[in-house]
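# Architecture and fold: a report
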Amino acid sequence: GRMRRYARVLRTANYLKRRLPSRAVATITGAAIDPLLRLAGRETRHRLALEIRSVSPVRFDERYDHLFDDAADRSRVMGDSYAQYLNWRYADNHLYEKHALEARNGRRLHGYLLFVVQDGVASIKDIFPPGDDLTTRDLIVGMLREGRRRRLESVSVTTLENNPMDRLFREFGFRLRPDGSEMF
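Residues numbered from 1 in each chain as written. Predicted model: local features only at pLDDT ≥ 70, side-chain atom pairs only at ≥ 80, totals over all residues. Heavy atoms only, no water.

Take the packing of aromatic side chains next. This structure, assessed with the given rule, holds eight aromatic pairs. Both rings, one in Phe-68 and one in Tyr-82, keep their centres 4.4 Å apart while their planes meet at 70°; by these two values the pair is edge-to-face. Of this pair, Phe-68 sits in helix H3 (residues 62-72) while Tyr-82 sits in the loop between H3 and helix H4 (83-91), placing them 14 residues apart in sequence. According to the relative accessible area criterion, Phe-68 is buried, its value standing at 7%. With relative accessibility at 33%, the residue Tyr-82 sits in the partly exposed group. Residues Tyr-85 and Trp-88 carry aromatic rings whose centres are separated by 5.8 Å and whose planes lie at 40° to one another, so their mutual orientation is tilted. With Tyr-85 and Trp-88 both in helix H4, this residue pair falls three residues apart, about one helical turn. When its relative accessible area of 31% is taken as the criterion, Tyr-85 is described as partly exposed. Its relative accessible area of 59% is what places Trp-88 among the exposed residues. Ring-pair connections join several aromatic residues into one group, and the members of that group are Phe-60, Tyr-64, Phe-68, Tyr-82, Tyr-112 and Phe-128. (Phe/Tyr/Trp six-rings, centres within 6.5 Å; stacked < 30°, edge-to-face > 60°. Helix = DSSP H or I, 4+ residues; strand = E, 2+ residues; numbered from the N terminus. Buried < 20%, exposed > 50% of the residue type's maximum accessible area, 1.4 Å probe, protein only.)

Here it is as structure tokens:
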């Protein structure tokens, strides 16, 4: 299938600098547009049902095993998301700095979102659990708020075509970008 990349712009100045003749005009225009983008975004009106918390350093424990077991019971096909795999794939991977958001209700873990940051862009690497729109919405909103807190330019996610989460990303202003690839 085809991989599809969605992106949501958070800060416009650097994008405008490529299109406007003056860097000063781009900076001033971006400073005027960015608050409007934030106010127009659905995330400003979204009420979180769960607590979204940034976790550092990223390390996965038995709570992730329980989360995966609960979700696996509801899904026909799902990739491994046990703590051992997540630690190998993300926490112990020294190729990039990784970050996590957890969706929680008290101590109970409901979901997570993993991302990396490079050149002012956050790339979502994993969001879990599938099929839980409430938790996914809260995690997307948490990511957008975290991106603004970090003063990032944009947030990006790549999904396999027809991924049910695509509609949730579009709901929060993510736009399909033209550079797709294929997965075999």
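Overall, the coordinates contain eleven salt bridges when judged by the stated rule. Residue Glu-102 is joined to Arg-63 by a salt bridge in which the shortest nitrogen-to-oxygen separation is 3.0 Å. Within this pair, whereas Glu-102 is found in strand S3 (residues 98-105), its partner Arg-63 is found in helix H3, the two being separated by 39 residues in sequence. Taken individually, Glu-102 and Arg-63 each receive the classification buried, so the pair is uniform in this respect. Here the residues in one salt-bridge network are Asp-61, Arg-63, Glu-102 and Arg-104, joined through shared partners. (Salt bridge = Lys/Arg side-chain N within 4 Å of Asp/Glu carboxyl O.)

Of note, the bond from Ser-56 into Pro-57 is cis; its omega dihedral lies within 30 degrees of zero at -5°. Cis peptide bonds are those with omega within 30 degrees of zero, and the linkage from Phe-128 to Pro-129 qualifies with 15°. Position of Pro-129 relative to the elements: it lies in the loop between strand S5 (121-128) and helix H5 (133-149). Phi at Asp-119 takes a positive value of approximately 50°, unusual for a residue other than glycine. Position of Asp-119 relative to the elements: it lies in the loop between strand S4 (108-118) and S5. Judged by relative accessible area, Asp-119 falls into the exposed class, the value being 69%. Of note, Arg-151 is a non-glycine position whose phi angle comes to about 60°, a positive value. Turning to its location among the elements, Arg-151 is positioned in the loop between H5 and strand S6 (154-160). Using a relative accessible area of 56% as the deciding quantity, one classes Arg-151 as exposed.

Our next topic: H4. Three or more residues of H4 are buried, namely Ala-83, Leu-86, Asn-87, Tyr-90 and Ala-91. Looking straight down H4, one finds its buried side chains confined to an arc of 100°; they lie on one side. Among the exposed residues of H4, those oriented more than 90 degrees off its buried face are Gln-84 and Trp-88. (Arc of directions from axis to C-beta.)

Our next topic: the nonpolar core. Core analysis: the largest hydrophobic core is formed by 23 residues, its most contacted members being Leu-113, Ile-140, Met-143, Val-155, Phe-169 and Phe-174. Of all elements in the fold, only S3, S4, S5, H5, S6 and helix H6 (166-171) reach the threshold of two or more residues within this core. Considering each element in turn, this core owes the most residues, five residues, to H5. Discounting residues that sit within four places of it in the chain, Leu-113 has contacts with His-99, Ala-100, Leu-101, Ile-124, Asp-126, Ile-127, Leu-139 and Met-143. If you look at the next biggest cluster of nonpolar residues, it comprises 16 residues, including Val-55, Phe-60, Tyr-64 and Ala-91. (Core = buried A, V, L, I, M, F, W, Y, C linked by side-chain atoms within 4.5 Å. Contact = heavy atoms within 4.5 Å.)

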